[in-house]
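This is what each chain is made of:
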Amino acid sequence: MIADVDGREIAVFAYDGDYYALANYCVHQSGPLCEGELQGTQEFETQGDDWTWRYDDEPSVIVCPWHAWRFDVTSGENVDDGRYRVPTYEVEVIDGEIYVTV
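All values reported here derive from a predicted model rather than from experimental measurement.

### Some points on the pairing of strand 1 (residues 2–5)
- Side-chain alternation along strand 1 places Ala3 and Val5 on a buried face and Ile2 and Asp4 on a face that remains uncovered.
- For strand 1 and strand 2 (residues 8–15), the ladder comprises four bridges, and the chain directions are antiparallel. Bridge pairing in strand 2 places alanine 3 opposite isoleucine 10.

### Looking at a nonpolar patch on the surface
- Taken together, Tyr25, Val27 and Tyr84 make up a surface patch of nonpolar side chains, about 220 Å² in accessible area.
- Here tyrosine 84 lies in the loop between strand 8 (70–72) and strand 9 (88–94).

### Examining the sheet that holds strand 8
- Read from one edge to the other, the open sheet built from three strands follows the order 4-7-8, with strand pairing classed as antiparallel. Both outer strands of the open sheet, strand 4 (37–39) and strand 8, are each paired with one neighbouring strand and no more. Going from strand to strand, the sheet's axes swing by 30 degrees on average, the running direction of each strand aside.
- As paired elements, strand 7 (residues 61–63) and strand 8 share three bridges and run antiparallel to each other. Bridging from a neighbouring strand, valine 61 pairs with aspartate 72 of strand 8.

Reading guide: rules and limits
For every chain, the first residue of its written sequence is number 1, and the numbers climb from 1 along that sequence. Whole-chain, interface and lining totals are the exception, using all residues; otherwise, since this is a predicted model, local features are given only for residues with pLDDT of at least 70 and side-chain atom pairs are given and counted only at 80 or more. Water and hydrogen atoms play no part in the side-chain values, which are based on all heavy atoms of the structure. A 1.4 Å probe rolled over the protein chains alone gives each residue an accessible area, and that area as a share of the maximum for its type sets the label: buried under 20%, exposed over 50%, partly exposed in between. Where helices and strands are cited, they refer to DSSP runs of H or I of at least four residues and of E of at least two residues respectively, numbered from the N terminus. What makes two strands pair is DSSP finding at least two bridges between them. Grouping into patches uses exposed residues only, defined as over 30% relative accessible area, and leaves out salt-bridged ones; the cut-off is 9 Å for like charges and 5 Å for nonpolar side chains (Val, Leu, Ile, Met, Phe, Trp, Tyr). Only the protein chains shown count as cover for residues, and all accessible areas are computed by the Shrake-Rupley method using a 1.4 Å probe. The salt bridge definition used is simple: a Lys or Arg side-chain nitrogen within 4 Å of an Asp or Glu carboxyl oxygen. Note on method: axes are straight lines fitted to C-alpha atoms, helices fitted across the in-contact stretch only, with angles between N-to-C directions ranging 0 to 180 degrees.

Take a look at the structure:
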């Protein structure tokens with residue numbers, strides 16, 4: 001879901017029974033995160049020259065549609081480089097209504 005909160009475009013994600021809100025832009029070049037794909041976390045193992053990629057079944061990562069930067073929707077952190085983070089916002093559910101605090 002996309003919400004406009006005080007002129008800010010916020011992407012709200014439902015994950016594991018809770019709601020999380022991120023700024024709807026990638027910190028790389030401002031790509032629209034809400035248009036990206038949700039996926040699980042990615043890990044790799046090296047054995048000799050072979051790389052094995054595994055994805056969790058839980059969709060906690062949003063992938064920017066422009067350049068594939070990946071962010072954890074629960075923390076806003078770039079899962080490939082912890083130096084980067086998308087701004088996050090507090091979410092409350094009151095009487096079935098979702099509220100985002102900026």
